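Structural overview for review
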Amino acid sequence: MNRFSTILILVCGICFHYLPAQNALLAPVSPRSNALGKTSLNFTDLHSLFGNQAGLANLETFGVMGMVEQRYLLADLNQAAFGAALPTFSGVFGLTLRNFGTGDYRETGAGLAYARKLSDRLRIGGQLHWSQISISEYGNRSLFNVDFGVQAELLPKLWAAAQVRNAIRQQLLDGEYTPTVFSAGLSYAVGDKVMLYTELYKDIDFPADMRIGIEYNPSKAIYLRAGVNTAPGGWSFGFGLPVFQNLVFDCAAAYHPYLGFTPSAGLAYRKKK
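Just so you know, the residues in each chain are numbered from 1, in the order the chain's sequence is written. Note on the predicted model: pLDDT of at least 70 is required for a residue's local features to be given, and 80 or more for side-chain atom pairs to be given and counted; whole-chain, interface and lining totals, by contrast, use all residues. Hydrogen atoms and water are omitted, and side-chain values are computed over all heavy atoms in the structure.

Considering the overall build of the protein
Starting at the N terminus, helices and strands are each numbered in turn, a helix being any DSSP run of H or I of at least four residues and a strand any DSSP run of E of at least two. When helices and strands are counted, the protein shows 2 helices and 16 strands. Put simply, of all contacts in the protein between residues at least 6 apart along the chain, 46% involve residues at least 24 apart. On the protein, roughly 12600 Å² of surface is accessible, and the fraction owed to carbon and sulfur atoms is 65%. The contact definition used throughout considers only heavy atoms, calling two residues in contact when any of these lie within 4.5 Å. We get accessible surface area from the Shrake-Rupley algorithm with a probe of 1.4 Å; when it comes to residues, only the shown protein chains can shield them.

Printed below as a string of structure tokens:
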């Protein structure tokens, strides 16, 4: 079996049996989300670019972030992504770019996001994204899709969120379709130092995944994070380290019971007010 065949079989096996509910095949997961059991629906920072775009509506200044990950510590499964968000009088606009894979198998993608506040207690957002899958012996496949999300305050410090990803179901390969995903979750602030996240994540073709994350901010110098998920039953941990007042370094590792560790890291910059 040649190197190309090995990569293709590995990627297809991962995508369609172990990693359902991804944009195209392998959507980026931000380091913060990766550390928190892949929860992300109620984020309100730059990491919302790769989670629920409704959270971008809370941004008040321009910001950019970049991140890298190595899935299961395999050199052929590297991914890099970049995102930027720009608040305006009519809402917040976002841009994402990503690249995954090797010369034999490669995914590239880009997304345009928009979010706005309808009130102090309600935010909406969405994204139009493009993906291209390139397989050296089979050619290219390009497709467009859309995501929609919402965040709403139920009680003081208690927020609910929901999202649909890949709202348009499309054929990706023979007999395989882009996964349409519905998710809903809650976040609750315990005092000023602890955030709790819980989400139910459901691909229409796979069992539901319950995700739980906890973030502890003992001081302004560090954020400590941990999380678990039920499908397939993994766990994760990580931290966020403010390097300067407006620059944060995030690092995480998630453990998959069948495939092993996925480390990820990123930098996020927010302009001062």
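Here we look at the pairing of strand 5 (residues 122–135)
Two strands are counted as paired when DSSP detects at least two bridges linking them. In the sheet, strand 4 (residues 105–119) pairs with strand 5 via 14 bridges, with the strands oriented antiparallel. Of the residues in strand 5, the one forming a bridge with Ser119 is Leu122. Once strand 4 ends, the chain turns through 2 residues before running back antiparallel as strand 5.

Quick notes on the side chain of Asn246
Mapped onto the elements of the fold, Asn246 is located in the loop between strand 14 (235–244) and strand 15 (247–256). For Asn246, a relative accessible area of 18% corresponds to the buried category. Think of it in three bands: residues with accessible area under 20% of the maximum for their type are buried, residues over 50% are exposed, and the middle band is partly exposed, with areas taken using a 1.4 Å probe on protein chains only.

Here's the deal with the pattern of salt bridges
Counted as salt bridges are all cases of a side-chain nitrogen of Lys or Arg within 4 Å of a carboxyl oxygen of Asp or Glu. Tallying each qualifying case throughout the model produces 9 salt bridges. Across the pair Arg71 and Glu69 runs a salt bridge, and its minimum N-O distance is 2.6 Å. Just as Arg71 is buried, Glu69 falls in that class too. Each of Arg32, Asp45, Glu215, Arg225 and Asp250 takes part in a single network of salt bridges with overlapping partners.

A few points about a nonpolar patch on the surface
Every patch collects residues that have over 30% relative accessible area and no salt bridge, joining them within 9 Å if they carry like charges and within 5 Å if they are nonpolar side chains (Val, Leu, Ile, Met, Phe, Trp, Tyr). A cluster of nonpolar side chains, namely Leu73, Leu200, Met210, Ile212, Val228, Trp235, Phe237 and Phe261, defines an oily patch on the protein surface of about 700 Å² accessible area. Elements supplying a minimum of two residues to the nonpolar patch: strand 12 (209–219) and strand 14. Position of Phe237 among the secondary structure elements: in strand 14. By relative accessible area, which is 41% here, Phe237 ends up partly exposed.

Comments concerning the confidence of the model for the protein
Detailed conclusions should not be drawn from predicted coordinates in areas where pLDDT is low. For the protein, per-residue confidence averages 88 on the pLDDT scale, and residues scoring 70 or more make up 90% of the total. Per-residue confidence from the predictor is reported as pLDDT, a score between 0 and 100. When the criterion is pLDDT under 50, residues 1–10 qualifies, and its contacts beyond four places in sequence or with other chains add up to 20 contacts. Of the regions scoring below 50 in pLDDT, residues 12–24 engages in 40 contacts with residues more than four places distant in sequence or in other chains.

Points about the nonpolar core
Only buried Ala, Val, Leu, Ile, Met, Phe, Trp, Tyr and Cys residues count toward a nonpolar core, and they belong to the same one when joined by side-chain atoms within 4.5 Å. Counting 14 residues, the largest nonpolar core has Leu46, Leu49, Phe50, Leu56, Met65 and Ala85 as its most contacted members. If you list the elements that add at least two residues to this core, you get strand 1 (63–70), strand 2 (78–88) and strand 4. With sequence-adjacent residues up to four places away left out, Leu56 is seen in contact with Asp45, Ser48, Leu49, Ala85, Val92, Ala113 and Ala115. Within the second largest apolar cluster, 8 residues are counted, among which are Tyr72, Phe100, Tyr105 and Ile133.

Comments concerning the environment of Gln170
Structurally, Gln170 is set in the loop between strand 7 (158–165) and strand 8 (171–173). On the basis of relative accessible area, Gln170 is assigned to the buried category, the value being 18%. Remark: the alpha-carbon pair of Gln170 and Leu143, spanning 27 residues in sequence, is separated by 8.2 Å. Apart from the residues lying within four places of it in its own chain, the contact partners of Gln170 are Leu143, Phe144, Asn145, Glu176, Tyr177 and Thr178.

A few points about the side chain of Asn34
With respect to the element layout, Asn34 can be found in helix 2 (residues 31–35). The exposure class of Asn34 is buried, given its relative accessible area of 2%. Apart from residues lying up to four places away in sequence, Asn34 is in contact with Val29, Ser236, Ala252, Ala253, Ala254, Thr262 and Ser264.

Details of the environment of Gly260
Here Gly260 is to be found in strand 16 (residues 260–270). Since its relative accessible area comes to 17%, Gly260 is described here as buried.

Overview of the packing of aromatic side chains
We describe a pair of aromatic rings using the distance from one ring centre to the other and the angle between the two ring planes. Stacked, tilted and edge-to-face are the three classes assigned to paired rings of Phe, Tyr and Trp, where Trp is represented by its six-membered ring and a pair needs centres within 6.5 Å; plane angles under 30 degrees give stacked, over 60 edge-to-face, the rest tilted. Taken as a whole and judged by the stated rule, the model has 8 aromatic pairs. Taken together, a centroid distance of 6.1 Å and an interplanar angle of 55° make the contact between Phe239 and Phe249 tilted. Of this pair, Phe239 sits in strand 14 while Phe249 sits in strand 15, and the two are 10 residues apart along the sequence. In this structure Phe249 comes out as partly exposed when scored by relative accessible area, which is 27%. Taken together, the aromatic side chains of Trp235, Phe237, Tyr255 and Phe261 make up a single cluster linked through ring pairs. By definition here, charges over rings are those cases where NZ of Lys or CZ of Arg is within 6 Å of the ring centre and within 35 degrees of the ring normal. In this arrangement the basic side chain of Arg32 is found over the ring face of Phe43, its NZ or CZ atom lying 4.0 Å from the centre. A cation over an aromatic ring shows up here: Arg211 above the ring of Tyr201, its NZ or CZ 3.7 Å from the ring centre.

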